[in-house]
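Breakdown of the fold
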Amino acid sequence: MQPQGARVSPLATSTKKVNNNICYIEAHFRSAQAFLPAKNNSLTSYIKNMDLFIYNTLTRQKELFKPLHAPHVGMYVCGPTVYGDAHLGHARPAITFDLLFRYLQHLGYKVRYVRNITDVGHLEHDADEGEDKIAKKARLEQLEPMEVVQYYLNRYHHDMELLNVLPPSIEPHASGHIIEQIEYIKKILDAGYAYVENGSVYFDVRKYNNDYHYGKLSGRNIDELYETTRELDGQTEKHSALDFALWKKASPEHIMHWPSPWSEGFPGWHLECSTMGTKYLGEEFDIHGGGMDLMFPHHECEIAQSCAALGHDTVHYWMHNNMITINGKKMGKSYGNFITLGQFFTGEHPLLTKPFSPMTIRLFILMAHYRSTVDFSSEALEAAEKGLERLTEAYSRLKKLKPAQQTTVQVAGLREKCEEAMSDDLNTPIVLSYLYESARAINQIYDGKATITAADLEELQQTWKLFVEDLLGLRMQEQTSSNDEAYKKAVDLLLNIRLEAKQKKDWTTSDHIRNQLTALGFNIKDTKDGFEWSL
């Protein structure tokens, strides 16, 4: 039961511009070479069999992906704690594992993708003491906790839709699985790896480590952890500072609490993922993903809980995206250095020089390999914006190309090269480099400097649609308002008047329209079929 609360209505330093934004993009492509396999590793053999290699954080190496129950794949990804608006750091795992979700489906797998929503048990500073983040927000705003959850979850879903992130197969809430979490705790207690103190239940890390290996995911050494962690001297109920809560007895002022065999309380933060992953994907499943910042202690504790309760590991492949940083420091709510996605879309933040579209944000994240750190700057976003413009223009031109008797540019093998890069641990920077390379060929054909056969044109069009739209998830045609449409038609009308003037050899009128539009910032290009313009 939850008490009723009062109800009210819901609620980096500027950087200099880069002279040549394309250099930034090319730098990302060069850095991505580090993620390619050595030259003596053949990619051709596994591409023919549609094989996929992914980096397993647990083993610290790329491994051939072999699902437990092909063609079915189970994938669990840690979702947000919904007590505030999503920021760029939330967008990166969402886009990274959306990419994996799309590519697995492209390879023919039937994927059950579970992404949880944390709405209880996540205390301040990711600790075992302190106030629940959502409960604190509810108290400050005089709302019910679930009002806070629903409000920010709606906004998170809206941001994900704008970023073209596909919804997961299942989106379970921690608060909706209290019974399952209590049963999971009972299993750990029965196995002897937890203890009860004053109504709370704690995981016994030292005892667990005697039988298993606490720290195998993160590479932490438990002896070093004990040396660097201050002992508690009886200040808390925990036997050791490394022990973590499975169930916490609720203090009188704690808003969210449920009955259990041990006390009226709430589950620990780490428990929900072990419980819900097992419920929806089984005692063993293929992939668990999340941000690198979750590797320790969250994912390390998940492994410990699962081994303690079930007697074996649950996850076969652990995947982690790296962080978004600002001036070298992780972007996050707890650091106070975050920029919300809404602020990116409106440009309303001191570190932003302008608004950036959702597809610019998506491309910005895809320009770097998911395991590399990305340092935010406005100049980097402007580079992504330029890159998106190049892709959009090339894609638009590709659809207008006319076939000829022969192909005089190199376009063969694009699909195979892009699949090779994607199957090598989702190497999106390399995929993008191939697409930009083919964009130059498209522009040559469009400008009449090269030709392409009907068969090659069809293959090129299909490959661009597959990788640009279906797999990278880039929307090439943003929705426009009626005002935007009217504005575009007005510009087209002026340029058609100019075209008619040119045909009548009325150079004065023709030059006047061109000069005036150029002065306003329009780029106008005459083509054999008429004209093109951009702003």
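For clarity, every value in this text was computed on a predicted model and none was experimentally measured.

1. With respect to helix H3 (residues 88-106)
Here H3 is 19 residues long and its end C-alpha atoms lie 27 Å apart, about the 27 Å a rise of 1.5 Å per residue gives. Taken from the residues just after H3, Gly108 is the one with a positive phi, measuring 105°.

2. Comments concerning the state of the cysteines
In the structure shown here, the tally under the stated rule is zero disulfides. Cys273 provides the cysteine sulfur closest to Cys78, a residue in no disulfide bond, and the two sulfurs are 3.8 Å apart.

3. Quick look at the packing of aromatic side chains
The full count for this structure, using the stated rule, is 14 aromatic pairs. Arranged with centres 5.8 Å apart and planes meeting at 80°, the rings of Phe344 and Phe376 form a pair that is edge-to-face. Residue Phe344 is found in helix H11 (residues 341-346), and its partner Phe376 is found in the loop between strand E13 (374-375) and helix H13 (378-400); the two are separated by 32 residues along the sequence. Note on Phe376: relative accessible area 4%, which makes it buried. Following the ring pairs from residue to residue traces out a cluster consisting of Tyr193, Phe203, Tyr208, Tyr212 and Phe244. Just above the ring of Phe296 sits the side chain of Arg220; from NZ or CZ to the centre is 4.1 Å.

4. What to know about the sheet that holds strand E11 (residues 324-326)
The mixed open sheet is built from three strands, whose spatial order is E12-E11-E13. Because the sheet does not close on itself, it has two edges, and the strands there are strand E12 (329-330) and E13. Relative to E13, E11 runs parallel, the two being bridged by two bridges. Looking at the pairing, Thr325 lines up with Asp375 of E13.

5. Description of the pairing of strand E2 (residues 61-64)
Where strand E1 (residues 53-56) lies against E2, four bridges are found, and the strand directions are antiparallel. Within E2, the position partnered with Ile54 by the bridge is Glu63.

6. A look at the pattern of salt bridges
All told, the structure shown has 18 salt bridges when counted by the stated rule. Two residues, Arg415 and Glu459, come together in a salt bridge whose shortest N-O distance is 2.9 Å. Taken as a pair, Arg415 in helix H14 (residues 414-422) and Glu459 in helix H16 (residues 454-471) lie far apart in primary sequence, 44 residues in all. By relative accessible area, Glu459 is classed as partly exposed at 33%. For Lys502, the salt bridge identified is with Asp526, shortest N-O distance 3.4 Å. Of this pair, Lys502 sits in helix H17 (residues 482-503) while Asp526 sits in strand E14 (residues 523-527), placing them 24 residues apart in sequence. Assessed through its relative accessible area of 25%, Lys502 is described here as partly exposed.

7. Describing empty space enclosed by the protein
Using a probe with the size of a water molecule, rolled over the atoms, empty space left in the structure can be pinpointed. Its boundaries defined by the atoms lining it, the largest cavity holds a volume of some 100 Å³. Considering the residues around the largest cavity, the lining is formed by 15 residues, among which Glu302, Ser306, Thr314, Val315 and Trp318 are closest to the centre. Elements represented by at least two residues in the lining of the largest cavity include exactly helix H9 (271-281), strand E9 (285-291), helix H10 (295-310) and strand E10 (315-321). Per-element accounting of the lining of the largest cavity gives the leading share, four residues, to H9.

8. Some points on H10
Helical periodicity: at 3.6 residues per turn, an α-helix aligns residues three or four positions apart in one direction. For H10, the buried fraction is high: 15 of the 16 residues fall into the buried class. Looking one or two places after H10, you find Gly311, whose phi comes out positive at around 85°.

9. Looking at the confidence of the model for the protein
In this model, the protein carries an average pLDDT of 86, and 85% of its residues clear a pLDDT of 70 or more. In the model, residues 478-482 has pLDDT below 50 throughout and makes three contacts with residues more than four positions away in sequence or in other chains.

10. Section: a nonpolar patch on the surface
Side chains of Leu493, Leu494 and Ile497 sit close together on the surface and give an oily, nonpolar patch of about 260 Å² of accessible area. Topologically, Leu494 is positioned in helix H17.

11. Focus on the environment of Phe345
Tracing the backbone shows Phe345 in helix H11. Between the alpha carbons of Phe345 and Pro355 there is a distance of 5.2 Å; along the sequence they are 10 residues apart. For Phe345, the contacting residues outside a window of four places in its chain are Asp159, Leu162, Leu163, Pro355, Phe356, Ser357, Pro358 and Ile361.

12. Digging into the sheet that holds strand E7 (residues 244-249)
With respect to topology, four strands assemble into an open sheet ordered E5-E6-E7-E8, the strand pairing being antiparallel. On the outer flanks of this sheet lie strand E5 (194-197) and strand E8 (265-267), each paired with one strand and no other. Strand-to-strand twist of the sheet, defined as the mean angle between neighbouring strand axes without regard to direction, takes the value 20°. Note: strand E6 (residues 200-203) against E7, three bridges, orientation antiparallel. The residue bridging Tyr202 from the neighbouring strand is Ala245, located in E7. Each of E5, E6, E7 and E8 touches helix H6 (residues 178-191); the most contacted strand, E7, lies at about 125° to it.

13. Describing unusual backbone geometry
Leaving glycine aside, a negative phi is the common case for residues, and trans is the common case for peptide bonds. Cis rather than trans, the peptide bond between Ala70 and Pro71 has omega equal to 10°. On the secondary structure map, Pro71 appears in the loop between E2 and strand E3 (72-77). With omega at 5°, the peptide bond leading from Phe296 into Pro297 counts as cis. Mapping Pro297 onto the fold places it in helix H10. Positive phi is not limited to glycine here, since Gln142 has a value of about 55°. Looking at where Gln142 falls in the secondary structure, it is placed in the loop between helix H4 (133-141) and helix H5 (145-162). Phi at Asn164 takes a positive value of approximately 60°, unusual for a residue other than glycine.

What counts and how
- Residues numbered from 1 in each chain as written.
- Predicted model: local features only at pLDDT ≥ 70, side-chain atom pairs only at ≥ 80, totals over all residues.
- Heavy atoms only, no water.
- Helix = DSSP H or I, 4+ residues; strand = E, 2+ residues; numbered from the N terminus.
- Expected span 1.5 Å × (residues − 1).
- Disulfide = S-S within 2.5 Å.
- Phe/Tyr/Trp six-rings, centres within 6.5 Å; stacked < 30°, edge-to-face > 60°.
- Buried < 20%, exposed > 50% of the residue type's maximum accessible area, 1.4 Å probe, protein only.
- Lys NZ or Arg CZ within 6 Å of the ring centre and 35° of its normal.
- Pairing = 2+ DSSP bridges.
- Salt bridge = Lys/Arg side-chain N within 4 Å of Asp/Glu carboxyl O.
- 1 Å grid on protein atoms, 1.4 Å probe; cavity = no way out; pocket = protein on both sides within 12 Å on 5 of 7 lines; lining within 4 Å.
- Points joined across faces, edges and corners; volume = space filled by probe spheres on them.
- pLDDT = per-residue confidence, 0-100.
- Contact = heavy atoms within 4.5 Å.
- Patch = residues over 30% accessible without salt bridge, like charges linked within 9 Å, V, L, I, M, F, W, Y side chains within 5 Å.
- Areas by Shrake-Rupley, 256 points an atom, 1.4 Å probe, with all protein chains shown as cover.
- Axes fitted to C-alpha atoms, helices over the stretch in contact; angles between N-to-C directions.

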